[in-house]
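A structural walkthrough
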Amino acid sequence: MKLYYPAIFVPYMGSFTVEFPDLPGCVTQGDSLEEAFEMAEDAACGWILTSIEDGEEIPSPSYVGKMDVAEGFINYITLDIDEYAKRHSTKAVKKTLTIPEWLNQLAEQQGINFSRELQNALKVRLGLTLN
């Protein structure tokens, strides 16, 4: 199943933040435009696959012509859910965690992807190979 969702790319200090207006909470970033597109596809596919696995309804994509973006630009991202599911055979789980506010602010200022950092730290701690 292939889906197409609009993503908003906003430049910030040499990197790009990416948000999907139709997928609440689906936000990522990349240090370059190329990485931002890759991260956008990965984040949105993960969001959609998790929704499917949880039996939730998938929102319909918005029409770009109806969106107004003050900064950055909008681009449709192609999501190949079947291919993504093959590569990521384990169901994603949401974890709630707590960090100090000052650490959160510094990390956000640096555009750190919290999910990616936690996954990488867990892989290192568990002796797994980083992808």
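Reference entry: report on the structure contained in this document. Note that the structure is predicted; figures quoted are calculated from it, not measured. (Residues numbered from 1 in each chain as written. Predicted model: local features only at pLDDT ≥ 70, side-chain atom pairs only at ≥ 80, totals over all residues. Heavy atoms only, no water.)

**A closer look at the sheet that holds strand β4 (residues 73-80)**
- With respect to topology, four strands assemble into an open sheet ordered β3-β2-β1-β4, the strand pairing being antiparallel. One side of each edge strand has no neighbouring strand; the edge strands of this open sheet are β3 (27-30) and β4. Neighbour to neighbour, the strand axes of the sheet diverge by 35° on average, direction disregarded.
- Pairing of strand β1 (residues 2-12) with strand β2 (residues 15-19) involves five bridges; the strand directions are antiparallel. Looking across to β2, one finds that Tyr-12 is bridged to Ser-15. (Pairing = 2+ DSSP bridges. Helix = DSSP H or I, 4+ residues; strand = E, 2+ residues; numbered from the N terminus. Axes fitted to C-alpha atoms, helices over the stretch in contact; angles between N-to-C directions.)

**Digging into the nonpolar core**
- Phe-20 and Leu-79 are the most contacted members of the largest nonpolar core, which has 19 residues in total.
- Contributions of two or more residues to this core are made by β1, β2, α1 (33-53), β4 and α2 (81-87).
- By residue number, the principal contributor to this core is α1, which donates six residues. (Core = buried A, V, L, I, M, F, W, Y, C linked by side-chain atoms within 4.5 Å. Buried < 20%, exposed > 50% of the residue type's maximum accessible area, 1.4 Å probe, protein only.)

**Looking at unusual backbone geometry**
- Located in the positive-phi region is Met-13, a residue other than glycine, with phi close to 50°.
- Looking at where Met-13 falls in the secondary structure, it is placed in the loop between β1 and β2.

**Topic: the packing of aromatic side chains**
- The final tally for this structure, using the stated rule, is two aromatic pairs.
- For the pair Phe-9 and Phe-73, a centre-to-centre distance of 5.0 Å together with 0° between the ring planes defines the contact as stacked. A residue pair is termed long-range when its members are at least 10 positions apart, and Phe-9 in strand β1 and Phe-73 in strand β4 qualify at 64 residues.
- You can call Phe-9 buried: its relative accessible area is 0%.
- Aromatic rings pair up to connect Phe-9, Phe-37 and Phe-73 into one cluster. (Phe/Tyr/Trp six-rings, centres within 6.5 Å; stacked < 30°, edge-to-face > 60°.)

**Thoughts on a negative patch on the surface**
- There is a patch of like negative charges on the surface, built from Glu-34, Glu-38, Glu-41 and Asp-42.
- Tracing the backbone shows Glu-38 in helix α1.
- On the basis of relative accessible area, Glu-38 is assigned to the partly exposed category, the value being 46%. (Patch = residues over 30% accessible without salt bridge, like charges linked within 9 Å, V, L, I, M, F, W, Y side chains within 5 Å. Areas by Shrake-Rupley, 256 points an atom, 1.4 Å probe, with all protein chains shown as cover. Salt bridge = Lys/Arg side-chain N within 4 Å of Asp/Glu carboxyl O. Lys, Arg positive; Asp, Glu negative; His and termini not counted. Charge placed at Lys NZ, Arg CZ, Asp CG, Glu CD.)

**Remarks on the side chain of Thr-28**
- Its location among the elements puts Thr-28 in strand β3.
- Judged by relative accessible area, which is 6%, Thr-28 ranks as buried.
- Separated by 3.1 Å, the side chains of Thr-28 and Asn-113 make a polar contact.
- The contacts of Thr-28, once residues within four sequence positions are left out, are Phe-16, Thr-17, Val-18, Met-39, Ala-40, Ala-43 and Asn-113. (Polar contact = N/O pair within 3.5 Å; in protein donor to acceptor, adjacent residues only side chain to side chain. Contact = heavy atoms within 4.5 Å.)

**Notes on the pairing of β1**
- In this structure, β1 lies alongside β4, joined through eight bridges in antiparallel fashion. Across the sheet, Tyr-5 pairs through a bridge with Ile-77, a residue of β4.
- With antiparallel pairing between neighbouring strands as the criterion, β1 and β2 make up a hairpin whose turn holds two residues, including Met-13 at a positive phi of roughly 50°.

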